[in-house]
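Notes for the structure review
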Amino acid sequence: MEFKPQIKQLKTGCSVRIRIPRIVNAQHLLDLKRSYIRNTSTLPMTLDEYSNDVEKEEKLIIKYTESSNSILLVADINNELVGNIDLTGSDRSKMSHTAMLGIGISEKWRNQGLGRLLIESVINWARNHTEIEIIWLDVYASNELGYNLYKNTGFELSGIIPDFSKEGNTYINKIQMFQRIK
């Protein structure tokens with residue numbers, strides 16, 4: 001997998017570096033993921049259900065690094081990981097032109113343009129380095145910020161599964177979206 005690190009600007013003017021994580025970043029990536037899983041009701045898992053440890057994060061970084069149709073990127077500000085995004089290409093031959101998008105951003109860095117920069121980075125990578133034609137994702141109706149981000153970066157609604165997730169006594173719809181990139 002080839003990806004040149006990029007320096008971008010957030011809405012605030014703050015510089016962010018978008019790059020492939022290194023093995024030594026595994027603990028920081030794990031800490032970042034745990035922080036946004038712990039502090040959100042917009043993801044379909046609890047912190048107790050996220051079973052990765054440092055060794056599993058290291059293996060995940062290696063898996064993405066060695067893949068030809070998948071990529072894992074991190075965003076860092078002053079060497080602190082503040083966001084990550086992964087694009088996971090399908091291993092199935094009939095779906096090898098598709099990839100699933102997943103993204104997470106530290107709470108204090110949300111709504112500053114970081115999500116858009118990460119999404120644009122993986123879309124540009126996929127267009128130029130893979131045979132991926134369609135990127136798809138799931139977002140929960142409770143995640144208005146995420147839904148609007150995806151819509152504003154070119155994703156279209158493809159379906160809704162009512163009552164897919166449950167927070168306490170409240171049911172939440174799952175929204176499925178896609179973008180054709182080629």
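Residues numbered from 1 in each chain as written. Predicted model: local features only at pLDDT ≥ 70, side-chain atom pairs only at ≥ 80, totals over all residues. Heavy atoms only, no water.

Turning our attention to the side chain of Asp 86. Within the fold, Asp 86 resides in strand 4 (residues 80-89). Of the side chains with opposite charge, Lys 33 lies nearest to the buried Asp 86, which makes no salt bridge, at 5.9 Å. Residues in contact with Asp 86, not counting those within four places in the same chain, are Tyr 64, Ile 71, Leu 72, Met 100, Leu 101 and Gly 102. (Helix = DSSP H or I, 4+ residues; strand = E, 2+ residues; numbered from the N terminus. Buried < 20%, exposed > 50% of the residue type's maximum accessible area, 1.4 Å probe, protein only. Lys, Arg positive; Asp, Glu negative; His and termini not counted. Salt bridge = Lys/Arg side-chain N within 4 Å of Asp/Glu carboxyl O. Contact = heavy atoms within 4.5 Å.)

This brings us to the sheet that holds strand 7 (residues 156-167). Here eight strands make up an open sheet; going across it, the order is 1-2-3-4-5-6-8-7 and the pairing mixed. Because the sheet does not close on itself, it has two edges, and the strands there are strand 1 (6-9) and strand 7. Neighbour-to-neighbour, the strand axes of this sheet turn through a mean angle of 25°, independent of strand direction. Across the face of the sheet, helix 3 (residues 114-129) comes into contact with strand 1, strand 2 (15-19), strand 3 (71-77), strand 4, strand 5 (98-105), strand 6 (134-140) and strand 8 (170-180) while running at roughly 35° to strand 4. (Pairing = 2+ DSSP bridges. Axes fitted to C-alpha atoms, helices over the stretch in contact; angles between N-to-C directions.)

With 34 residues, the main nonpolar core has Leu 87, Leu 101, Leu 114, Tyr 150 and Phe 155 as its most contacted residues. Of all the secondary-structure elements, those providing two or more residues to this core are strand 2, strand 3, strand 4, strand 5, helix 3, strand 6, helix 4 (144-152) and strand 8. Looking at which element gives the most residues to this core, the answer is helix 3, with eight residues. Once residues lying within four places of it in the same chain are set aside, the contact partners of Leu 87 are Tyr 64, Asn 69, Ser 70, Ile 71, Ala 99, Met 100, Leu 101, Val 122, Trp 125, Ala 126, Ile 132 and Ile 135. (Core = buried A, V, L, I, M, F, W, Y, C linked by side-chain atoms within 4.5 Å.)

Take it as geometry only, folks, not as evidence of what the structure does.
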